[in-house]
Amino acid sequence: MEDYGRFLALLVSALLVGFMSVIFSLVWVFHYREGLSWDGSLREFNWHPVLIITGFVFIQGIAIIVYRLPWTWKCSKLLMKFIHAGLNTIAMILAIVSMVAVFEFHNASNIPNMYSLHSWIGLAAVLFYSLQLLLGFAVFLLPFAPVNLRAALMPIHVYSGLAIFATVIATALMGITEKLIFSLKNPAYSASPPEATFVNCLGLLLVIYGALILWMASRPHWKRPPEENVKILRPTQGTPQGTVPESTMADSSNKDKSDLRINSEAARKQNIKLDEAGQRSTM
């Protein structure tokens, strides 16, 4: 991998910042917002920021860059597809549960639903994310879609995934700001009480995490290399030492090298076909 050290530094930084974001969300709801429960109270609402940051932000970010982890390049592409889809499925489930918590709290407290821009964009992000996941399963994971359809949809799949992730980050920032404005009365949010400062730092962590993930996902030289997608057949038969004349061994060696070059050339052509067909993920 080109610039392996830089990629590893960015990866460690992203994981650290993402994990800190999850911890900050838990500290926020337990230290400042009365904790968690599922009883229709404010404590049920608190599941919303925790699950969104854990699933829709942190886990989704990992799912985006999982193909680019160099120690996974020796794994089969099908296995990596299942891991990618599994992480996205977990993120979607957590996002849906967080939405249920909000609606139940609003209904129990007689608060109108879906009146703010945050709620509009948030619901749209969940719907588009679910559609993205379903189409990904149907087109790229199951073996029924034709190659030309996969090739046509791959750029859309990649772009929409990154766009949804960026939208989720922006929506999370809108949500925590909205929550602080509604909740902080004495002192008000404008007075910068400790909770406001702490949650503002959480917002900065989300921005940094999103920027790191998008940067790693957009660098073309950190893609999963195509030569790892095709198994190159190598000669497995050898001649016992001391039983074949030297000239025969030389001829066999030349033949092995020739076969290896032929196999390598065939693998290169196959990789080109796979790339053109959109079989290799760009994420």
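This is a predicted model, so every value here is computed, not measured. (Residues numbered from 1 in each chain as written. Predicted model: local features only at pLDDT ≥ 70, side-chain atom pairs only at ≥ 80, totals over all residues. Heavy atoms only, no water.)

Caption draft 1: Highlighting the overall build of the protein. Looking only at helices and strands, the protein has eight helices and zero strands in total. Going from N to C terminus, the protein has its helices and strands arranged as α-α-α-α-α-α-α-α. Considering the protein as a whole, with its 283 residues, one finds that 42% of them fall into the buried category. Long-range contacts, defined as pairs at least 24 residues apart, comprise 78% of the intrachain contacts of the protein with a sequence gap of at least 6. (Helix = DSSP H or I, 4+ residues; strand = E, 2+ residues; numbered from the N terminus. Buried < 20%, exposed > 50% of the residue type's maximum accessible area, 1.4 Å probe, protein only. Contact = heavy atoms within 4.5 Å.)

Caption draft 2: Just the nonpolar core, in detail. Formed by 56 residues in total, the largest nonpolar core has its most connected members in Trp28, Phe56, Ile64, Tyr209, Ile213 and Met216. At 11 residues, helix 7 (residues 194-218) tops the list of elements feeding residues into this core. Non-local contacts of Ile213, meaning those with residues more than four positions away in its chain, are made with Ala14, Gly61, Ile64, Ile65 and Phe165. (Core = buried A, V, L, I, M, F, W, Y, C linked by side-chain atoms within 4.5 Å.)

Caption draft 3: Just the pattern of salt bridges, in detail. Under the counting rule described, the total for this entry stands at three salt bridges. A salt bridge links Asp3 to Arg6, with the shortest nitrogen-to-oxygen separation between them at 3.9 Å. With relative accessibility at 31%, the residue Asp3 sits in the partly exposed group. Classification of Arg6 as exposed rests on a relative accessible area of 54%. In this structure, the salt-bridge partner of Asp39 is Arg43, at a minimum N-O distance of 3.1 Å. (Salt bridge = Lys/Arg side-chain N within 4 Å of Asp/Glu carboxyl O.)

Caption draft 4: Geometry of the environment of His157. Structurally, His157 is set in helix 6 (residues 147-183). Residue classification places His157 among the buried residues on the basis of a relative accessible area of 16%. For the pair His157 and Gln132, spaced 25 residues apart in sequence, the C-alpha separation works out to 7.2 Å. Ignoring any residue separated from it by four or fewer positions in sequence, one finds His157 in contact with His84, Gln132, Gly136 and Phe140.

Caption draft 5: Summary view of the packing of aromatic side chains. The tally for this structure, following the rule as stated, stands at seven aromatic pairs. Pairing Phe7 with Trp222 gives two aromatic rings, centres 5.2 Å apart and planes at 70°, and the pair type is edge-to-face. Within this pair, whereas Phe7 is found in helix 1 (residues 4-32), its partner Trp222 is found in the loop between helix 7 and helix 8 (246-277), the two being separated by 215 residues in sequence. Relative accessible area serves as the criterion here: at 0%, Phe7 is assigned to the buried category. An angle of 10° between the planes, with centres 4.6 Å apart, marks the rings of Phe24 and Phe198 as stacked. (Phe/Tyr/Trp six-rings, centres within 6.5 Å; stacked < 30°, edge-to-face > 60°.)

Caption draft 6: Local environment of the packing of helix 3 (residues 47-65) against helix 5 (residues 117-141). It is the contact of helix 3 with helix 5, at a shortest axis distance of 14 Å, that shows an interaxial angle of 45°. One way to sum up the angle between helix 3 and helix 5 is to call them oblique. Crossing hand, helix 3 versus helix 5: left-handed. Across the interface between the two elements, His48, Phe56 and Gln60 of helix 3 pack against His118, Ala125, Val126 and Tyr129 of helix 5. Here the residues of the contact of helix 3 with helix 5 are counted per class, giving four nonpolar, three polar and no charged. (Axes fitted to C-alpha atoms, helices over the stretch in contact; angles between N-to-C directions. Parallel < 35°, antiparallel > 145°, perpendicular 65-115°, else oblique. Left-handed = near helix turned anticlockwise from the far one by under 90°. Nonpolar A, V, L, I, M, F, W, Y, C, P; charged D, E, K, R; others polar.)

Caption draft 7: Highlighting the side chain of His48. On the secondary structure map, His48 appears in helix 3. Residues within four places of His48 in sequence aside, it is in contact with Ser98, Met99, Val102 and His118.

Caption draft 8: Examining the confidence of the model for the protein more closely. The share of residues in the protein with pLDDT of 70 or more is 80%, and the mean pLDDT across the chain is 85. Predicted confidence for residues 228-253 stays below pLDDT 50, and this span has 17 contacts to residues more than four positions away or in other chains. Residue range residues 272-283 is modelled with pLDDT below 50. Its contacts to residues more than four positions away, or to other chains, number 34 contacts. (pLDDT = per-residue confidence, 0-100.)

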